[in-house]
Amino acid sequence: DNTCGGSLNALALSGGAAPGTAGGRYADFDFLRINGPGQVAFCSGAVLSSVCRGGYYVTDGVSAAPLAQVGLTPPGWVGAGTVNQLRPLAFNDAGQAAFNVAVFGDRPPGADSGEAILRSLGGGAVASIALAGQTAPDTGGALMRNLQNVVALNNAGQVAFGTLLSAGASGDRALFRSSASGG
């Protein structure tokens, strides 16, 4: 019996099978987000400070699916590099997630850090919205040096994020919004 008058439903349990991991198990739950239809997105794995070192998952209480995993290479990444940290996510009513990731390995030329802004496509696949070191549009050729950790995602699938810019831009920071279909 619970005092709010509703019922509680277990969505995932530590030790339970984590989808898309070839035998991996849920360890803990953090960075929880719930959307209008009631889907819950979360990080499970080792959570240290403000980063997730496991994976992002989504569940509706009946089935669960991966959104993204540590170890993937962001699409379009130049050189060797894999995601080693997932930062807090934004989650919309379509079940899409967007988030900043830290990439371990080769750092793109002109970037202060190895980072990417990703949006989930379902089944553990992701699209790159922005990559550190990429030319920032409408800035006269400045590069995205350091992508900020916080992202926003609307129900149309557009992602908003901020970044520091390299020298040569009219300012040293910029705010961007992606199209609904990609970066």
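Our structure's up above, just so we're on the same page.
The sections below set out a description of the structure shown in this document. (Residues numbered from 1 in each chain as written. Predicted model: local features only at pLDDT ≥ 70, side-chain atom pairs only at ≥ 80, totals over all residues. Heavy atoms only, no water.)

### Things to note about the overall build of the chain
And step 1. A count of helical and extended segments in the chain gives zero helices and 14 strands.
And step 2. For the chain, with 183 residues in total, the buried portion stands at 44%.
And step 3. Restricting to contacts in the chain with at least 6 residues of sequence separation, those with at least 24 account for 40%.
And step 4. Accessible surface for the chain amounts to roughly 8800 Å². Of this, 52% is attributable to carbon and sulfur atoms.
And step 5. Side-chain charges in the chain split into 9 positive and 10 negative, and the spacing between the mean points of these groups amounts to 5 Å. (Helix = DSSP H or I, 4+ residues; strand = E, 2+ residues; numbered from the N terminus. Buried < 20%, exposed > 50% of the residue type's maximum accessible area, 1.4 Å probe, protein only. Contact = heavy atoms within 4.5 Å. Areas by Shrake-Rupley, 256 points an atom, 1.4 Å probe, with all protein chains shown as cover. Lys, Arg positive; Asp, Glu negative; His and termini not counted. Charge placed at Lys NZ, Arg CZ, Asp CG, Glu CD.)

### A look at the packing of aromatic side chains
And step 1. What the rule picks out here adds up to eight aromatic pairs.
And step 2. What links up through ring pairs into an aromatic cluster is the set Tyr 26, Phe 29, Phe 42 and Tyr 57. (Phe/Tyr/Trp six-rings, centres within 6.5 Å; stacked < 30°, edge-to-face > 60°.)

### So, the sheet that holds strand β2 (residues 40-44)
Adjacent strands of a sheet form backbone hydrogen bonds with each other and so pair up, either parallel or antiparallel.
And step 1. Across the sheet, which stays open at both edges, the four strands sit in the order β1-β2-β5-β6 with antiparallel pairing between neighbours. Single-partner strands in this sheet number two, and they are β1 (30-34) and β6 (64-69). Direction aside, neighbouring strands of the sheet carry axes that sit 20 degrees apart on average.
And step 2. Relative to β6, strand β5 (residues 55-59) is paired through five bridges, and the arrangement is antiparallel. Paired with Val 58 across the strands is Ala 65, a residue of β6. (Pairing = 2+ DSSP bridges. Axes fitted to C-alpha atoms, helices over the stretch in contact; angles between N-to-C directions.)

### A closer look at the nonpolar core
And step 1. Ranked by internal contacts, the top residues of the largest apolar core, which has 22 residues, are Tyr 56, Leu 86, Leu 89, Phe 99, Val 101 and Leu 118.
And step 2. Residue assignment for this core shows that the elements contributing at least two residues are β2, β5, β6, β7 (81-86), β9 (97-105), β10 (115-122) and β11 (125-131).
And step 3. Sort the elements by how many residues they give to this core and β9 lands first, with four residues.
And step 4. For Val 101, the contacting residues outside a window of four places in its chain are Val 83, Gln 85, Leu 86, Arg 87, Gly 114, Glu 115, Ala 116 and Leu 118. (Core = buried A, V, L, I, M, F, W, Y, C linked by side-chain atoms within 4.5 Å.)

### Considering the sheet that holds strand β12 (residues 144-153)
And step 1. As summarised here, the arrangement of the three strands in space is β12-β13-β14, forming an open sheet in which the pairing is antiparallel. Two strands bound the open sheet, and with one partner strand each, they are β12 and β14 (173-177). The average angle at which neighbouring strand axes cross in this sheet is 20 degrees, direction not considered.
And step 2. In this sheet, strand β13 (residues 159-165) lies alongside β12 in antiparallel orientation, the contact comprising six bridges. Across the sheet, Met 144 pairs through a bridge with Leu 165, a residue of β13.

In short, geometric facts, not functional conclusions.
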